Amino acid sequence: YLFFFFFFFLMIRRPPRSTLFPYTTLFRSDSLLLFIEGLKDVDPLVRYESAVALGRLVDQSSKEALEQAKTDEHKWVRYAVEQALKKLNSVVIK
């Protein structure tokens, strides 16, 4: 029974980030461009989700697009943009 417990535990545990890293960065440049274009969409939900995604990607090349989106008419989009910019500014560039 102990074998089945450990086997089950190994199957349900989340893989470490280091194994996920190559897959998350494989299409990073394509998704970055997609999210930058999403900041200009007519739907505020798309603009909000794009700002959140750009904050998670933490890529300095999205900073200019986020700066332009700071004047959005919807407050939640502006909030997501501000949070993304905070994340970008808190990253130390080596």
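A brief look at the structure comes next. If you're wondering where the values come from, they're calculated on a predicted model, not measured in any experiment. (Residues numbered from 1 in each chain as written. Predicted model: local features only at pLDDT ≥ 70, side-chain atom pairs only at ≥ 80, totals over all residues. Heavy atoms only, no water.)

Once that is clear, we can look at the packing of helix α4 (residues 44–57) against helix α6 (residues 75–90). For the pair α4 and α6, interaxial distance at closest approach is 8 Å and the crossing angle is 10°. One finds that α4 runs roughly parallel with respect to α6. Counting all contacts with α4, which are made through P44, R47, Y48, A51, V52, G55 and R56, the residues of α6 involved are W76, V77, A80, V81, A84 and K87. Of the residues that constitute the contact of α4 with α6, the class distribution is nine nonpolar, one polar and three charged. (Axes fitted to C-alpha atoms, helices over the stretch in contact; angles between N-to-C directions. Helix = DSSP H or I, 4+ residues; strand = E, 2+ residues; numbered from the N terminus. Parallel < 35°, antiparallel > 145°, perpendicular 65-115°, else oblique. Contact = heavy atoms within 4.5 Å. Nonpolar A, V, L, I, M, F, W, Y, C, P; charged D, E, K, R; others polar.)

So, on to unusual backbone geometry. A positive phi angle, near 50°, is found at V58, a position not held by glycine. Mapped onto the elements of the fold, V58 is located in the loop between α4 and α5 (63–68). On the basis of relative accessible area, V58 is assigned to the partly exposed category, the value being 28%. (Buried < 20%, exposed > 50% of the residue type's maximum accessible area, 1.4 Å probe, protein only.)

None of this, on its own, says anything about what the molecule does.
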